[in-house]
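Residue-level listing of the chains:
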Amino acid sequence: MEILLALMTGVLYAAGIYMILRRSLVKLILGLILLGNGVNLLIFLLGGITKGKPPVIPDGPAVLGEVFAAPLPQALILTAIVISFGLQSFAIVLIKRAYKVVKTDDLDEMNTTDENA
Amino acid sequence: MKTLILRTASNYLLPLLLLFSVFILLRGHYLPGGGFIGGLIASIAFVLHAFANGLENTKSLLSTHPGFLMPVGLTLAVISGLAPGIFGLPFMTGLWYDEAIPVIGMIGSALFFDIGVYLVVIGVTLTIIFTISESA
Amino acid sequence: MFLWKKVMAQRILSIIGSSIALIFSIVLFSQVWQNGTMVIQAGNWEAPYGITLVSDTLSATLVLLTGILGLAISVFAAGSIVNARARFGFFPILHFLFMGLCGSFLAGDIFNLYVWFEIIIISSFVLLTIGGEKAQIEGAVKYFTLNILASVIFLTAIAVLYGITGTLNMADLSLKIAAIEDKTLVNICAMIFFVGFGIKSAVFPLYFWLPASYHTPPHAVAAIFGGLLTKVGVYAMIRVFTLIFTLDPFLENVLMGVAMLTLFSGAVGALVQRNLQKIFSYLIICHIGFMVAGLGMGSTLALTGAIFYMIHDIVVKANLFMVGGLLYRINGTSNIKRMGEMYARYPLLSLLMAVPLFSLVGIPPLSGFWPKLSLILGGLETGNYVLIGFILFGSFMTLFIIAKVWAEVFWKKKEVTNPPANFRFFEAHTQREKILILIPIIFLSILSLGIGFGAGPIQALSERISGELSDVSTYITIVLGEKSN
């Protein structure tokens, strides 16, 4: 399981960076999303994996059992997901605006800000 | 997407999903669930309704602009966070009413915080989705 | 926020809100000054498990500066932001940004810092894109991409750090990192942090997004971006590299090398630009170099210089962008080749504008001089003569650039400009708007004069901060409570 997750993280990072290096705006955003998911998996992986022991207190005892999954990485990932949800929805609106205003999807053509005027 | 099946189904699904979202919201403190997930489910209910019946109908169903829910929810969450300050406890300490109330369960400041989150999530999600689909 | 559409009410509320925030920050600052570091454990969960808000002298100072700038910029924005923008929620989002800034200065654990960073980014995106002109959108795309990338890198670093130590509280991290024998992974992690913060604070190879985006938004927004946003990156760098990671020779060399190249490229970049806002953008990059240099030298004296520089730079840079906005309003262009005759037409205003311009250079009685003195003394102390050379080079280049701006804008004959349609010149503004635009500039100018002439207290403050930063044991004890000893 760890090896699979490690491989997945690597694949997501590689794919994300590859996508960012393309010239298209849409691929840029997709790349950022993939990278974000890669990071989330990385947190999950490095937090240590415990199978089938959720950190939820059952009805009877007042404290958790001996072995339980660390709740912190899950909280971190949830926060990261929420944040990236907000950012990505903003990004999508932004690239749509950019496409309408600049009338191109090609990042190489977006250089009016660098003109010396 | 004007299919008859979806339109009929969404009319029944909307109240069901809303009820389910409130259920998820209320069980959130000790069990999986909570304001964020509940809010997402509720907004999915409205989005499904918008898919089936068109955006205008969903908007008239809501009657207020969803953006209005954001400040309301934020205020609620902030107040419930600040409330322990009155009793000299640090920010966001959980306050609990001692006796359990039937159906809802234990009442505490955490519940109000969750309701605040619930409202903010609905507001934000619907605003985003409505904006995107309007400008399409 | 309830008054989404009522623009006038928003303006007044915005000013009132920032005044209250300023009062609170003054209270916080004086408390910290008298009683030392303060801690709040949110939700009454003890550190290192809960969320901790810590305010030591550095945090309190920066929060105070945020409060001051917040008020100044709210007033300036009330005078200069057009109604069309305000209707999109300019003012609520501006305050959201201030909240994010204060939060990130006070955050006591590293993930919390990340969350505040994201709040800052989201609100700054919105501020950057409100209005939706072509240049703005293009600038926003660049700003957006690089900043999300920086957050991803930052989060990766957090993940690795959590994997190594199993904690996220900064004080706890400091103890645990110190206890680790094998530093390889720790150093790698430190480098990932450096890249993440480096993008945010625009140091040498990672700065390209800044001049591409900072000149596009309204001037009130540019002022807060230029004054505070890059400084958050520097703050995070200072915090992480003094508290969590100890600087070893390799890291110091990296920091100093980056600082030199940042100074050089920022200065040279500013030299070739003709757009006033772009010149200021490159000067931001150049002066970030000073702060990184101070951090990199690793001596307390140099750190004092870096912190003093940060205090001075926040005030002056924000003021510069506001002055730039005023010049744009008066002349109808941001191109310095087309401006002119300012001194003949507005002698008093010109004197006012001279204050931030020449404070930036650091002509002796003004505020830029003292921190540079500390930096150079720090360099002499640690024997980094090459770095001193670059610092001097950066200062002289700044002097040259400012002199050029002064000659072009204030003395030269004015050329005919053709401003965009529906452009309102400064003369066309109402009396109230003029006053609202001028007050913050006057206020910040007096403040920077005050920093220059009354450098003693600020120097003492910076010394105290760098003392606290060099000896982190008090910080750790206060955050974790007595049991950690």
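Remember, predicted model here, so these are calculated numbers, not experimental data.

Caption draft 1: Expanded view of the overall build of chain C. For chain C, the count of helices and strands is 20 helices and 2 strands. Per-residue burial for chain C yields a buried fraction of 60% across its 485 residues. Restricting to contacts in chain C with at least 6 residues of sequence separation, those with at least 24 account for 80%.

Caption draft 2: Inspection of the overall build of chain B at higher detail. Within chain B, the regular secondary structure consists of 5 helices and 0 strands. In sequence order, the secondary structure elements of chain B are arranged as α-α-α-α-α. The buried share among the 136 residues of chain B stands at 32%.

Caption draft 3: Main features of the environment of B:Ile5. Residue and element names in this part refer to chain B. By secondary structure assignment, the location of Ile5 is in helix H1 (residues 4-26). The exposed category is assigned to Ile5, around which 8 C-beta atoms lie within 10 Å. Residues Ile5 and Ala52 lie 47 residues apart in sequence; the distance between their C-alpha atoms is 9.1 Å.

Caption draft 4: Examining the interface of chain A and chain C more closely. At the junction of the two partners, chain A supplies 28 residues and chain C supplies 30 residues. Elements represented by at least two residues in the side of chain A that touches chain C include exactly helix H2 (25-46) and helix H3 (71-102) of chain A. With 13 residues, the top contributor of residues to the side of chain A that touches chain C is H3(A). Split by residue class, the side of chain A that touches chain C holds 19 nonpolar, 7 polar and 2 charged.

Caption draft 5: Spatial organisation of the nonpolar core. Residues C:Phe76, C:Ile158 and C:Ala318 are the most contacted members of the largest nonpolar core, which totals 197 residues. It is helix H13 (residues 300-331) of chain C that contributes the most residues to this core, 20 residues altogether. Residue contacts for C:Ala318: discarding those within four places in its chain leaves C:Leu69, C:Ala72, C:Ile73, C:Ala223, C:Ile224, C:Gly226, C:Gly227 and C:Leu444. Ranked by size, the runner-up nonpolar core spans 24 residues in total, among them B:Phe36, B:Ala77, B:Ile115 and B:Leu119.

Caption draft 6: Spatial organisation of the confidence of the model for chain C. Residue and element names in this part refer to chain C. When the pLDDT values of chain C are averaged, the result is 78; 86% of them are 70 or greater. Looking at the elements of chain C, mean pLDDT is at its lowest for strand S1 (residues 38-42), recorded as 62, and at its highest for helix H5 (residues 110-129), recorded as 86. The complex model carries a pTM of 0.84, and its ipTM stands at 0.85.

Caption draft 7: Molecular detail of the packing of helix H11 (residues 249-272) of chain C against helix H12 (residues 276-297) of chain C. Residues and elements named next belong to chain C. Relative orientation of the contacting elements H11 and H12 amounts to 160°, with a least axis distance of 7 Å. The angle between the axes of H11 and H12 places the two elements in the roughly antiparallel class. Read as a crossing pair, H11 and H12 show a hand that is left-handed. Facing H11, whose interface residues are Glu252, Leu255, Met256, Val258, Ala259, Thr262, Leu263, Ser265, Gly266, Ala267, Gly269 and Ala270, H12 presents Ile279, Tyr282, Leu283, Ile285, Cys286, Ile288, Gly289, Val292, Ala293, Leu295, Gly296 and Met297. Here the contact of H11 with H12 is built from residues that sort into 17 nonpolar, 6 polar and 1 charged.

Caption draft 8: Quick peek at the environment of C:Phe193. Residues and elements named next belong to chain C. Considering the arrangement of structural elements, one finds Phe193 in helix H8 (residues 184-201). Exposure remark for Phe193: the 24 C-beta atoms within 10 Å place this residue in the buried category. Phe193 sits 44 residues away from Leu149 along the chain, and the two C-alpha atoms are 12 Å apart. Contact partners of Phe193, with chain neighbours within four places excluded, come to Ala157 and Val240.

Caption draft 9: Broad picture of helix H4 (residues 69-82) of chain B. Residue and element names in this part refer to chain B. Given a rise of 1.5 Å per residue, 14 residues ought to cover 20 Å, and the 20 Å separating the end C-alpha atoms of H4 matches this to within 8%. Taken together, the buried positions of H4 are Leu69, Met70, Gly73, Ala77 and Ser80. The buried residues of H4 occupy an angular sector of 110° when projected down its axis, which confines them to one face. Away from its buried face by more than 90 degrees, H4 exposes Val78 and Leu82.

Caption draft 10: Geometry of helix H7 (residues 170-179) of chain C. Within the span of H7(C), buried status applies to C:Met170, C:Ala171, C:Asp172, C:Leu173, C:Ser174 and C:Ile177. Where H7(C) is buried, its residues touch H5, helix H6 (134-165), H8, helix H10 (219-244) and helix H20 (473-480) of chain C.

Caption draft 11: Region of interest: the environment of C:Phe358. Residues and elements named next belong to chain C. Within the secondary structure layout, Phe358 lies in helix H15 (residues 347-361). Separated by 332 residues in the primary sequence, Phe358 and Ile26 place their C-alpha atoms 28 Å from one another. Sequence-distant contacts of Phe358, that is, excluding residues within four places in its chain, are made with Ile363, Leu366 and Ile402.

Caption draft 12: Layout of the packing of H7(C) against H20(C). Residues and elements named next belong to chain C. Where H7 meets H20, the closest approach of the two axes is 8 Å, and the angle between their N-to-C directions is 125°. When the axis of H7 is compared with that of H20, the two are oblique. The handedness of the crossing between H7 and H20 comes out as left-handed. Only Tyr475, Ile476, Val479 and Leu480 of H20 make contact with H7, whose side of the interface consists of Ala171, Asp172, Ser174 and Leu175. Each residue belonging to the contact of H7 with H20 can be placed in one class, and the counts come to 6 nonpolar, 1 polar and 1 charged.

What counts and how
Residues numbered from 1 in each chain as written. Chains lettered and ligands numbered in written order. Predicted model: local features only at pLDDT ≥ 70, side-chain atom pairs only at ≥ 80, totals over all residues. Helix = DSSP H or I, 4+ residues; strand = E, 2+ residues; numbered from the N terminus. Buried ≥ 20, exposed ≤ 12 C-beta atoms within 10 Å, placed from the backbone. Contact = placed C-beta atoms within 7 Å. Nonpolar A, V, L, I, M, F, W, Y, C, P; charged D, E, K, R; others polar. Core = buried A, V, L, I, M, F, W, Y, C linked by C-beta atoms within 7 Å. pLDDT = per-residue confidence, 0-100. Axes fitted to C-alpha atoms, helices over the stretch in contact; angles between N-to-C directions. Parallel < 35°, antiparallel > 145°, perpendicular 65-115°, else oblique. Left-handed = near helix turned anticlockwise from the far one by under 90°. Expected span 1.5 Å × (residues − 1). Arc of directions from axis to C-beta.

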